[in-house]
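Structural features, examined
For reference, the chains in residue letters:
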Amino acid sequence: MHGRKHIHRVAALLTAVAALAFFAGSVQAANSRPAGMTKAEYRALMLRGEALNRQYGLGSGTYEPAAMYRALVLRSKALNAKYGLGGAHVVASTPRAVTVAENGFVWGDFAIGAAAMLGLVLVATGVFAATRRIPRTRVSS
């Protein structure tokens, strides 16, 4: 009986560690700025997003469908004007070459993926250990 209790404690500990590792990776991914963006650029992007949210009443829990629809229409019209769409003529443009600021492998993304996989393996191991039944051999007296 003591061995079974020990297995359950280890399984619970592994599950807790896996959950913490998973959520830590998720928080890091949500709070980190995009690669190749300076601190000032990221701050400007966040301030712009907050200003747009205030302007259109987003993020406050009170959503106005009319304002959201108006914002969508205005954005669509601006994009159509910028790219020459919406009229009878559509001009195809040649695609521009895109350069990537980083050279080589992005280790931050790898670390987040590795932490998520480790968490998944630990949770699966904890569930397996907690639900596994160990056969007992009977000793005849």
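To keep things clear, this report deals only with the structure shown in the data block. (Residues numbered from 1 in each chain as written. Predicted model: local features only at pLDDT ≥ 70, side-chain atom pairs only at ≥ 80, totals over all residues. Heavy atoms only, no water.)

**What to know about the overall build of the protein chain**
- In terms of regular secondary structure, the protein chain is built from 4 helices and 0 strands.
- What you see in the protein chain, going N to C, is helices and strands ordered as α-α-α-α.
- Going through the 141 residues of the protein chain one by one, you find that 5% of them count as buried.
- Of the contacts made within the protein chain by residues no fewer than 6 positions apart, 71% connect residues no fewer than 24 positions apart.
- As displayed, the protein chain has an accessible area near 12,200 Å², and 64% of this comes from carbon and sulfur atoms. (Helix = DSSP H or I, 4+ residues; strand = E, 2+ residues; numbered from the N terminus. Buried < 20%, exposed > 50% of the residue type's maximum accessible area, 1.4 Å probe, protein only. Contact = heavy atoms within 4.5 Å. Areas by Shrake-Rupley, 256 points an atom, 1.4 Å probe, with all protein chains shown as cover.)

**As for the packing of aromatic side chains**
- On inspection of all chains with the given rule, the structure shows 1 aromatic pair.
- Each ring, one from Trp107 and one from Phe110, has its centre 5.5 Å from the other, and the planes form 85°; the classification is edge-to-face. You can see Trp107 and its partner Phe110 sitting in helix α4 (residues 107–131), 3 residues apart, about one turn around the helix.
- Residue classification places Trp107 among the exposed residues on the basis of a relative accessible area of 58%.
- Phe110 sits in the partly exposed class, given a relative accessible area of 45%. (Phe/Tyr/Trp six-rings, centres within 6.5 Å; stacked < 30°, edge-to-face > 60°.)

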